[in-house]
There are 2 protein chains.
Amino acid sequence: MGLIVQKYGGTSVGSTDRIKAVADRVSNAKRRGDRMVIVVSAMAGETNRLFKLASDLCDAPNARETDVLVSTGEQVSAALLSIRLQALGLPAISFLADQLRIATDSNHGRARIKSIDPARVVQELESDRVVVVAGYQGVDALGDITTLGRGASDLTAVALAAALKADVCEIYTDVDGVYTADPNLCPKARKLRRISYDEMLEMAGLGAKVLQLRSVELARRYNVPLVVRSSFNESEGTWVGQEDQSMEDVLVSGVTLDQNQSKVTITGVEDRPGLAARIFGPIAAAGIVVDMIIQNASADGRTDMTFTVNRDDVRRTLELVQRVAKEIGATGVRSDDQVAKVSIVGVGMRTHAGVAAKMFEVLADERINIEMIATSEIKVSVVVNSKYGELAMRALHDAFVDNAAMQFPGESA
Amino acid sequence: MGLIVQKYGGTSVGSTDRIKAVADRVSNAKRRGDRMVIVVSAMAGETNRLFKLASDLCDAPNARETDVLVSTGEQVSAALLSIRLQALGLPAISFLADQLRIATDSNHGRARIKSIDPARVVQELESDRVVVVAGYQGVDALGDITTLGRGASDLTAVALAAALKADVCEIYTDVDGVYTADPNLCPKARKLRRISYDEMLEMAGLGAKVLQLRSVELARRYNVPLVVRSSFNESEGTWVGQEDQSMEDVLVSGVTLDQNQSKVTITGVEDRPGLAARIFGPIAAAGIVVDMIIQNASADGRTDMTFTVNRDDVRRTLELVQRVAKEIGATGVRSDDQVAKVSIVGVGMRTHAGVAAKMFEVLADERINIEMIATSEIKVSVVVNSKYGELAMRALHDAFVDNAAMQFPGESA
């Protein structure tokens, strides 16, 4: 008899009919003898509806009160699923974050979980009840409701799975699993049967929206096996877990495309210590995440500094950078929204050389110019003109994923 | 500097525009220097929407889970009002029942308040914040959310006012105050400036829906002055408080009409001790409230027993009564939905004789037959054929309320 934590996302509980379908699924799993903890998101659209109400009343709604407001979405889902499970004759009970002492800091809207007290859950599981938990929320030291950030019902599920030492944490969503590329853009994309935490982190960070980044980090830290599955069918899904030998045989697990970046360039920056800190300090202080940073080789003591930020942040970034550029005597600032970041991810890169070189070759064959390059142990990212983004993605998918012969570039070419 | 508890009902916070209007009102009151606690209901329609979701999933939804579900309505309102107050530059903070330890029993759906810990509210008021509280909800000894019954945000407000020893509890609604009769049915009805707790209790119990019955009982017990006002205009409203000398000069404060009763008659009941208990025991056990009970004078050892119940309960009542009637050898059971209860209420009756007689005279003049009569210290109720209900109400209003000469029947006629 195992202990399973299941999490159902907004589309999975998006209507009373969908909640009925989820209850049937839980009921079937329960009858196989497992102990079950179910974490639910708000019904699809509900969180946005609540945020809209707040923004109708205030341009910048207070974060504490916004958390009181939006946390009701998950509360409603949890109660409704519990009601439906009971209608099926399955003993069930719902809990909110404060009842399970899902303790967080007071960083409203993006609080971090500090601890969970699983005693009440354990007790209810021992009474053979299905425990339904409102995702996305926590409680701080003052007893105030906090929320954990968008998509963070995944985090609630993983944290509970870790605290309960669950056998598996199943994330139910509206896609079948993790794909080698976005199937909407890349027709040859196929579902991965298995993927390592590290690869999933790179994929999540690079724009694959299947799993929330922080939840994968937490799963890796506590070694919680994840399964990403669809609640709309019986397909197997993708298993996310610790890297093993067989994974290294696969050079590239996935290709990602991020069309939501902008490139900012500061030209004629004097090439002396401390200037990078002057430039990026204020950006970080403003809470803007800088992704890739490239500093060109210095010519006559001056250099160009180029970096990418999320497109939503580009206006604020330019304001900050233009001020600094003037102070440090840079010659100019320019930005470019017409960029796309294309990446290949795979733990196999750790043990196989020449992957980046092969990637550049594939793009060159398509006559796609590379504007920026960044690499990590298990990832190579390039920035290209956005009009070539999808082409680059498909070409790389063909070369690395679809074409088995390319799995070992050392042997090919 | 006073302490004011204000409660805003569902229509008063029924949209973001309405919430803005309420915030303006609170803001104006606050600027007069008072400390303010605001209790809010769910936005109009929201509680019904949530109940509907539950009933889509289960014919008889679990009461604990239903409370988790429907309590979100008030939570949303509290957060939104707090957000709007802050947008106006007024420091505000919202609280849920568990944060103020509004402790109740575990009778989900109609829990009773056992105690309130006002410490956190007092602290926030001393920091000059407006405290916004989600009405209608409590928390039981297990830490589970309870609700106090329909309309019970009034109760939350009165209980808080009592715990805080507030100077006044203002109940904002969509009517101007308490009227001498339902203005929709009785064109000459006028708003009362003052009314005693006892009269208000009789009026509330008799179908005037302005104030929830239990909240008036609580206000009387703790001597909390109530003011019923409209949030849609600046009209003065009605003050509800302890009876004083001047109130006794007014013979009849109001006339009420209840068109929602049914009459049940058991004929040929043997006239011996214990049979009333046999009849009404099972009805009480089924949670059905019996209002008026009349036993006709016995003829040849047999009597007729007539009583009224809420029309919604008549079918269940008949099932129970028919079974008992057979057991005790009564000759028959019949029911009549075509009845109306008309009542006159006033503390002046305590000190003035002849009010009931005058009432019967007024009805006789209109050729209205009286089917049942019941009296209390400050009330006379009659049951008449429902088609005469409104006529009876208007005639009694003309005679007792509108016509000043009738205020002292001892002197008139």
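Just so we're clear, the structure is a prediction, and the values are computed from it rather than from any experiment.

(A) Expanded view of the overall build of chain A. If you tally the helices and strands in chain A, you get 13 helices and 20 strands. The C-alpha atoms of chain A give 23 Å as radius of gyration, which agrees with the globular expectation for 413 residues (22 Å, within 12%). Its C-alpha atoms give chain A principal-axis dimensions of about 75 × 55 × 30 Å. Taking the intrachain contacts of chain A between residues at least 6 apart in sequence as the baseline, contacts between residues at least 24 apart amount to 75%.

(B) Quick peek at the sheet that holds strand 16 (residues 302–310) of chain A. Residues and elements named next belong to chain A. Spatially, 15-16-14-17 is the arrangement adopted by the four strands of the open sheet, whose pairing is antiparallel. Among the strands making up the open sheet, the edge pair consists of strand 15 (290–295) and strand 17 (332–336). Here the average twist between neighbouring strands, direction ignored, is 15 degrees. Here strand 14 (residues 261–270) pairs with strand 16 via eight bridges, running antiparallel. Its bridge partner lying in strand 16, glutamate 270 is registered against arginine 302. The strands that helix 10 (residues 275–285) touches are strand 14, strand 15 and strand 16; relative to strand 14, the one it contacts most, it runs at about 145 degrees. Each of strand 14, strand 16 and strand 17 touches helix 11 (residues 314–328); the most contacted strand, strand 14, lies at about 0 degrees to it.

(C) Region of the structure containing the interface of chain B and chain A. With 29 residues of chain B in contact, the opposing surface of chain A contributes 28 residues. Elements represented by at least two residues in the side of chain B that touches chain A include exactly helix 1 (16–31), helix 2 (46–57), helix 3 (63–70) and helix 4 (72–87) of chain B. When residues of the side of chain B that touches chain A are assigned to their parent elements, the largest contribution, 11 residues, is made by helix 4 of chain B. Residue classes in the side of chain B that touches chain A are distributed as 15 nonpolar, nine polar and five charged.

(D) Expanded view of the packing of helix 1 (residues 16–31) of chain A against helix 4 (residues 72–87) of chain A. All names here are of chain A. For the pair helix 1 and helix 4, interaxial distance at closest approach is 9 Å and the crossing angle is 60 degrees. By the angle between their directions, the pair helix 1 and helix 4 is classed as oblique. Note on packing geometry: the crossing formed by helix 1 with helix 4 is right-handed. On helix 4, the residues touching Ile19, Lys20, Val22, Ala23, Val26 and Ser27 of helix 1 are Leu80, Leu81, Arg84 and Leu85. Of the residues assigned to the contact of helix 1 with helix 4, the class counts are seven nonpolar, one polar and two charged.

(E) Fine view of the confidence of the model for chain A. Residues and elements named next belong to chain A. Overall, the prediction assigns chain A a mean pLDDT of 91, with 96% of residues at 70 or greater. Note that residues 405–413 has pLDDT below 50 and, in this model, 15 contacts with residues that lie over four places away or in other chains. Across the interface, the model reports ipTM at 0.83; the global pTM reads 0.85.

(F) Quick look at the relation of the copies chain B and chain A. Between the two copies, chain B and chain A, the superposition gives an RMSD of 0.2 Å; the rotation angle is 179 degrees and the shift along the axis is 0.1 Å. When the rotation and shift are considered jointly, the pair of chain copies conforms to a two-fold rotation axis. Among all residues of chain B, the minimum C-alpha distance to the rotation axis is found for threonine 72 of chain B, at 2.7 Å. Mapped onto chain A, 97% of the interface residues of chain B are again interface residues, and the two copies thus contact each other with one and the same surface.

(G) Broad picture of helix 11 (residues 314–328) of chain B. Residues and elements named next belong to chain B. Its 15 residues place the ends of helix 11 20 Å apart at the C-alpha level, agreeing with the 21 Å of an ideal helix rising 1.5 Å per residue. Restricting attention to buried positions, one finds in helix 11 the residues Val314, Thr317, Val321 and Ala325. An end-on view of helix 11 places all buried positions within 65 degrees of arc, on one side of the element. Of the residues in helix 11, the exposed ones pointing more than 90 degrees away from the buried face are Arg315, Glu319, Arg323, Lys326 and Glu327. The inward-facing, buried residues of helix 11 abut strand 14 (261–270), helix 10 (275–285), strand 16 (302–310) and strand 17 (332–336).

(H) Fine view of the environment of alanine 204 of chain A. Residues and elements named next belong to chain A. Examined against the element boundaries, alanine 204 turns out to sit in helix 7 (residues 197–205). Distance in space between the C-alpha atoms of alanine 204 and valine 178 is 10.0 Å, their sequence separation being 26 residues. Other than its neighbours up to four places away in sequence, alanine 204 contacts Leu211, Leu213 and Val216.

(I) Representation of unusual backbone geometry within the structure. Residue and element names in this part refer to chain B. The residue tyrosine 136 is not glycine, and still its phi comes out positive at about 80 degrees. Within the secondary structure layout, tyrosine 136 lies in the loop between strand 6 (130–134) and strand 7 (137–139). Looking at tyrosine 136, the number of C-beta atoms within 10 Å reads 28, which means it is buried. Phi is positive for lysine 165, close to 50 degrees, though the residue is something other than glycine. With respect to the helices and strands, lysine 165 occurs in the loop between helix 6 (153–164) and strand 9 (168–173). The class for lysine 165 is exposed, based on 11 C-beta atoms found within 10 Å.

About the criteria used
Residue indices follow the written sequence of each chain, beginning from 1 at its first position. Chain A is the first chain written and ligand 1 is the first ligand written, with later ones labelled in order. Thresholds applied to this predicted model are a pLDDT of at least 70 for local features of residues and 80 or more for the giving and counting of side-chain atom pairs; totals over whole chains, interfaces and linings are not thresholded and use all residues. Only DSSP runs of H or I with at least four residues qualify as helices, and only runs of E with at least two residues qualify as strands; both kinds are numbered from the N terminus onward. Two things to know: the radius of gyration comes from C-alpha atoms, and the globule rule equals 2.2 Å times the number of residues to the power 0.38. We call two residues in contact whenever the C-beta atoms placed from their backbones are within 7 Å. Strand pairing is defined by DSSP finding a minimum of two bridges between the two strands. To obtain an axis, a line is fitted to C-alpha atoms, over the contacting stretch when the element is a helix, and the angle between two such axes runs from 0 to 180 degrees between their N-to-C directions. The classification used treats Ala, Val, Leu, Ile, Met, Phe, Trp, Tyr, Cys and Pro as nonpolar, Asp, Glu, Lys and Arg as charged, and all other residues, Gly among them, as polar. Note that the term roughly parallel is reserved for angles under 35 degrees, roughly antiparallel for angles over 145, roughly perpendicular for angles of 65 to 115, and oblique for everything else. Crossing handedness is defined as follows: a turn of the near helix away from the far one that is anticlockwise and smaller than a right angle gives a left-handed crossing, while the clockwise case is right-handed. Residue-level confidence of the predictor, termed pLDDT, takes values from 0 up to 100. When the copies are superposed, the least-squares fit takes in the C-alpha atoms of residues with a pLDDT of at least 70 in both. Expected helix span is given by 1.5 Å per residue-to-residue step, counting one fewer step than there are residues. Comment: burial labels come from other C-beta atoms within 10 Å of the residue's own C-beta, placed from the backbone, where a count of 20 or more is buried, 12 or fewer is exposed, and between is partly exposed. The arc in question is the one traced by the directions running from the helix axis out to the C-beta atoms.

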